[in-house]
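Inside the fold
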Amino acid sequence: MTEEIKETKILTFDGDYQIIYSSDFNIYENKLILRKIAGFELVFEFAKDPAVKDCPMSIKGDDTAKRITITLTNFNNSLGAGTTKMVPLLKTDDGKQIYFSIHAKALNEATSFLKVSLTFYLK
């Protein structure tokens, strides 16, 4: 029975979207870097701007360097901030789409600690 469990790969879905990676991170330096997501390096930068009321997000890609930078402003809220839907990120070589969702929560606005939950989807 144990060998069967080892060989079984569990696939997880959110409706029709396959969850290809999901994890929680404790971030202290306002930057989360993930490598090897469809061959790309993903950099999530957390910025603070008291002049901005919302929690905007910007995405910039560099195909040559295989790097995507996602800047998330004012996600250091003690109540938490995150995406309200899956965000399209990139297309795979076989024409599928990779999406992500993110939620971040601070202990308080004075500390650098962020609890970040990040999920990637494939469809």
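Look above for the structure.
Computed from a predicted structure; not experimentally measured. (Residues numbered from 1 in each chain as written. Predicted model: local features only at pLDDT ≥ 70, side-chain atom pairs only at ≥ 80, totals over all residues. Heavy atoms only, no water.)

**What about the sheet that holds strand E4 (residues 40-47)?**
Note the cut-off: For two strands to be treated as a pair, DSSP must find no fewer than two bridges joining them. Numbering of helices and strands starts at the N terminus; helices are DSSP runs of H or I of at least 4 residues and strands are runs of E of at least 2. What counts as an axis is a line fitted to C-alpha atoms, over the stretch in contact for a helix, and the angles between N-to-C directions run from 0 to 180 degrees.
Strand order in the open sheet made by the four strands is E3-E4-E6-E5, with mixed pairing throughout. The open sheet has two edge strands, strand E3 (31-37) and strand E5 (57-62), and neither has a second partner. Going across the sheet, the axis of each strand differs from the next one's by a mean of 15°, ignoring polarity. Bridge count between E3 and E4: six bridges; the pairing is antiparallel. The partner of Lys31 across the bridge, within E4, is Glu45.

**Comments concerning the packing of aromatic side chains**
Here is the rule: Centres within 6.5 Å are what make two rings of Phe, Tyr or Trp a pair, Trp counting through its six-membered ring; a difference in plane orientation under 30 degrees is then read as stacked, over 60 as edge-to-face, and the rest as tilted. Remark: exposure states derive from per-residue accessible area (1.4 Å probe, protein chains only) relative to the maximum for the residue type, with buried under 20%, exposed over 50%, and partly exposed in between.
Evaluated as defined, the whole model comprises five aromatic pairs. A centroid spacing of 6.4 Å and a plane angle of 45° characterise the contact between Tyr21 and Phe120, whose relative ring orientation is tilted. A residue pair is termed long-range when its members are at least 10 positions apart, and Tyr21 in strand E2 (residues 17-27) and Phe120 in strand E10 (residues 114-122) qualify at 99 residues. Residue class for Tyr21 comes out partly exposed when judged on its relative accessible area of 32%. For Phe120, a relative accessible area of 0% puts it in the buried group. Here Tyr28 and Phe113 contribute two aromatic rings whose centre-to-centre distance is 5.3 Å and whose plane-to-plane angle is 55°, an arrangement assigned as tilted. Of this pair, Tyr28 sits in the loop between E2 and E3 while Phe113 sits in the loop between strand E9 (97-106) and E10, and the two are 85 residues apart along the sequence. For Phe113, a relative accessible area of 14% puts it in the buried group.

**Looking at unusual backbone geometry**
Its identity is not glycine, yet Lys36 carries a phi of approximately 70°, on the positive side. As for its position among the elements, Lys36 is in strand E3. One non-glycine residue, Asn74, lies in the positive phi region at around 65°. With respect to the helices and strands, Asn74 occurs in the loop between strand E6 (67-73) and strand E7 (81-82). By relative accessible area, Asn74 is classed as buried at 11%.

The quantities given are spatial measurements derived from coordinates; they are silent on function.
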